[in-house]
Amino acid sequence: MASLNVGNLGEYLREQRRNAQLSLRQLADAAGVSNPYLSQIERGLRKPSAEVLQQVAKALRISAETLYVRAGILDAERDLNEVETRAVILADPTLDERQKQVLLQIYESFRKENGFGVDDAVDGGARTENDRENDSATGPRRTAG
């Protein structure tokens, strides 16, 4: 797993909060975290958990995966395409929230079918390049049916 770069994360969060025209207190309330804790995250003094990042992302209406990459929780190179795809879907103003969630579920089901997906994100990116090469050599995982 990559090391946390909380300074960069904090700057990015502050920029996103300002773009959303939210005060620190408003974002803290919306995300369900304390105002001082959020301030410490923005200043690079605290390393937030994935759960806190998810709450903040939801409050800012941005992709949690983008914050995970910024925080070093997801490997940026390996997961960049997935993160970008999710971010584009979530940012599309022509889709309502239900449509976005359905589209993300379909996208994730195709990734799983091809041997990538939730398991990769859940284990914190612990799969090695060797694991992925083995997947490529043996082909996508298939289920009986």
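See the structure above.
Residues numbered from 1 in each chain as written. Predicted model: local features only at pLDDT ≥ 70, side-chain atom pairs only at ≥ 80, totals over all residues. Heavy atoms only, no water.

A.B. asks: Got a sec to walk through helix H3 (residues 35-42)? Specific residues and values, please.
C.D. replies: Taken together, the buried positions of H3 are occupied by Leu 38, Ser 39, Ile 41 and Glu 42. One side of H3 carries all its buried residues, which in axial view fall inside an arc of 160°. For H3, the N-terminal cap is Ser 34; the gap from its side-chain oxygen to the backbone nitrogen of Tyr 37 is 3.1 Å. Once H3 finishes, Gly 44 follows within two positions and takes phi at roughly 80°, a positive value. (Buried < 20%, exposed > 50% of the residue type's maximum accessible area, 1.4 Å probe, protein only. Helix = DSSP H or I, 4+ residues; strand = E, 2+ residues; numbered from the N terminus. Arc of directions from axis to C-beta. Polar contact = N/O pair within 3.5 Å; in protein donor to acceptor, adjacent residues only side chain to side chain.)

A.B. asks: So what's going on with the side chain of Arg 86? Which residues, and what values?
C.D. replies: Among the secondary structure elements, Arg 86 is positioned in helix H6 (residues 76-91). The buried category is assigned to Arg 86, whose relative accessible area is 10%. Within the structure, the side chain of Arg 86 is placed 2.4 Å from the side chain of Glu 108, a separation counted as a polar contact. Each residue touching Arg 86, except ones within four places of it in the same chain, is listed here: Glu 65, Leu 104, Tyr 107 and Glu 108. (Contact = heavy atoms within 4.5 Å.)

A.B. asks: Describe in detail a nonpolar patch on the surface, supporting the description with residues and values.
C.D. replies: Side chains of Val 102, Ile 106 and Phe 110 sit close together on the surface and give an oily, nonpolar patch of about 260 Å² of accessible area. Within the secondary structure layout, Phe 110 lies in helix H7 (residues 97-113). Looking at Phe 110, the relative accessible area reads 49%, which means it is partly exposed. (Patch = residues over 30% accessible without salt bridge, like charges linked within 9 Å, V, L, I, M, F, W, Y side chains within 5 Å. Areas by Shrake-Rupley, 256 points an atom, 1.4 Å probe, with all protein chains shown as cover. Salt bridge = Lys/Arg side-chain N within 4 Å of Asp/Glu carboxyl O.)

A.B. asks: Now, about the nonpolar core: what can you tell me, with residues and values included?
C.D. replies: Note on soluble globular proteins: their nonpolar side chains tend to be buried together. In this structure, Leu 13, Leu 38, Leu 53, Val 56 and Leu 67 are the most contacted members of the largest nonpolar core, which totals 23 residues. Looking at this core, the elements that each hand over two or more residues are helix H1 (6-19), helix H2 (24-31), H3, helix H4 (50-60) and helix H5 (64-71). Looking at which element gives the most residues to this core, the answer is H4, with five residues. With residues up to four places along the chain from it excluded, the contact list for Leu 53 reads Leu 9, Pro 48, Leu 67, Tyr 68, Ala 71 and Ile 73. (Core = buried A, V, L, I, M, F, W, Y, C linked by side-chain atoms within 4.5 Å.)

A.B. asks: Provide a residue-level description of unusual backbone geometry, including the pertinent values.
C.D. replies: Although it is not a glycine, Gln 21 sits at a positive phi angle of roughly 55°. The topology assignment puts Gln 21 in the loop between H1 and H2. By relative accessible area, Gln 21 is classed as exposed at 71%. Positive phi outside glycine occurs at Arg 61, with the angle close to 60°. By secondary structure assignment, the location of Arg 61 is in the loop between H4 and H5.

A.B. asks: I'd like to hear about the packing of H4 against H5, residue by residue, with values.
C.D. replies: Following both chains from N to C, one finds H4 and H5 inclined at 135°, their axes separated by 8 Å at the closest point. In terms of their interaxial angle, H4 and H5 are classed as oblique. As H4 packs across H5, the resulting crossing turns out to be right-handed. Between H4, through Ala 50, Leu 53, Gln 54, Val 56 and Ala 57, and H5, the contact on the second element is made entirely by Ala 64, Leu 67, Tyr 68 and Ala 71. (Axes fitted to C-alpha atoms, helices over the stretch in contact; angles between N-to-C directions. Parallel < 35°, antiparallel > 145°, perpendicular 65-115°, else oblique. Left-handed = near helix turned anticlockwise from the far one by under 90°.)

A.B. asks: How would you summarise the side chain of Glu 42 if you had to cite specific residues and measurements?
C.D. replies: By the secondary structure assignment, Glu 42 is in helix H3. Residue Glu 42 is classed as buried on the basis of its relative accessible area, which comes to 4%. A polar atom in the side chain of Glu 42 sits 3.4 Å from the side chain of Arg 14. Among all residues touching Glu 42, those that are not within four sequence positions of it are Gly 10, Glu 11, Leu 13, Arg 14, Arg 17 and Leu 24.

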